[in-house]
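Working through the structure, step by step
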Amino acid sequence: TNGAIEMEQVEQNYDATKLPTPASYQNQTQQKQQQITEEDFFQDGLDIEGDSLLMRFTLVFLTYASAMIVPQLRLLIALGGAITGSMTSLIIPPLLALKFVSWKEDGSSSKGWSWWSMWYGGLISVGLVYAYIGTAASIRDIIEVYTGSGEDGSL
């Protein structure tokens, strides 16, 4: 009998006129389309701190300019590898480690240089030297290709 009572209540509360119709969906869609402004259209939905149109344009322009100046992919890869290779292996990891070494377990900051800090500083110095040497050699190779001043004029 409880089922019959519940069914009667459902039938009493049921109103077919309140159900959505295809026309109501169409009206809702048209209203949403009218609410879209030009600002909404050009916004990509990303809200990243430090992100700007100028930064994006500069990065794309620098990529394009480097591809136009150095059309040989081999030379461009050598230049990119000289810079990023030393950064990812010898500069960034010690910098991150220095950040963590400077904090003690109790949360207080340590003042002064520890042996680990000196070790990481040495690794960063070696990384900077290797980055300089690799970048200089890559730029020298690029210049040699364009001026033909290499030993045989090609690489």
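Read on for a plain summary of the structure. Remember, predicted model here, so these are calculated numbers, not experimental data.

**Here we look at the overall build of the protein**
Looking only at helices and strands, the protein features six helices and zero strands. Starting at the N terminus, the α and β elements of the protein follow one another as α-α-α-α-α-α. In the protein, the share of contacts with a sequence separation of at least 24, taken over all contacts with a separation of at least 6, comes to 61%. A total accessible area of about 13,200 Å² is found for the protein, and carbon and sulfur atoms account for 64% of it.

**Overview of the pattern of salt bridges**
This model, assessed by the stated rule, comprises two salt bridges. With a shortest N-O distance of 3.4 Å, Arg-140 and Glu-144 are connected by a salt bridge. Placement of the pair is Arg-140 and Glu-144 together in helix 6 (residues 115-147), with a separation of four residues, close to one helical turn. Exposure remark for Arg-140: the relative accessible area of 44% places this residue in the partly exposed category. Three or more residues joined by partner-sharing salt bridges are found here, namely Arg-140, Asp-141 and Glu-144.

**A word on the packing of aromatic side chains**
How two aromatic rings sit relative to each other is given by the distance of their centres and the angle of their planes. For the structure shown, the criterion picks out two aromatic pairs. Measuring from ring centre to ring centre gives 6.1 Å for Phe-57 and Phe-61, while their planes differ by 15°; the resulting arrangement is stacked. Residue Phe-57 and its partner Phe-61 are both found in helix 4 (residues 53-69); the two are separated by four residues, about one turn of the helix. Judged by its relative accessible area of 55%, Phe-57 falls in the exposed class.

**Topic: a nonpolar patch on the surface**
Together, Phe-57, Phe-61, Leu-62, Tyr-64 and Met-68 give the surface a local cluster of nonpolar side chains, amounting to about 600 Å² of exposed area. Looking at the secondary structure, you find Met-68 in helix 4.

**Looking at helix 6**
Over its 33 residues, helix 6 extends 48 Å from the first C-alpha to the last, a length consistent with the 48 Å expected when each residue adds 1.5 Å. For helix 6, the full list of buried residues reads Ser-117, Tyr-120, Ile-124, Gly-127, Ala-131, Gly-134, Thr-135, Ser-138, Ile-142 and Glu-144. Following helix 6 by one or two positions, Gly-148 has its phi on the positive side, about 70°.

**Structural notes on the side chain of Ser-117**
Examined against the element boundaries, Ser-117 turns out to sit in helix 6. The exposure class of Ser-117 is buried, given its relative accessible area of 9%. Not counting residues up to four positions away in its chain, the partners in contact with Ser-117 are Leu-98 and Val-101.

Cut-offs and rules
- Residues numbered from 1 in each chain as written.
- Predicted model: local features only at pLDDT ≥ 70, side-chain atom pairs only at ≥ 80, totals over all residues.
- Heavy atoms only, no water.
- Helix = DSSP H or I, 4+ residues; strand = E, 2+ residues; numbered from the N terminus.
- Contact = heavy atoms within 4.5 Å.
- Areas by Shrake-Rupley, 256 points an atom, 1.4 Å probe, with all protein chains shown as cover.
- Salt bridge = Lys/Arg side-chain N within 4 Å of Asp/Glu carboxyl O.
- Buried < 20%, exposed > 50% of the residue type's maximum accessible area, 1.4 Å probe, protein only.
- Phe/Tyr/Trp six-rings, centres within 6.5 Å; stacked < 30°, edge-to-face > 60°.
- Patch = residues over 30% accessible without salt bridge, like charges linked within 9 Å, V, L, I, M, F, W, Y side chains within 5 Å.
- Expected span 1.5 Å × (residues − 1).

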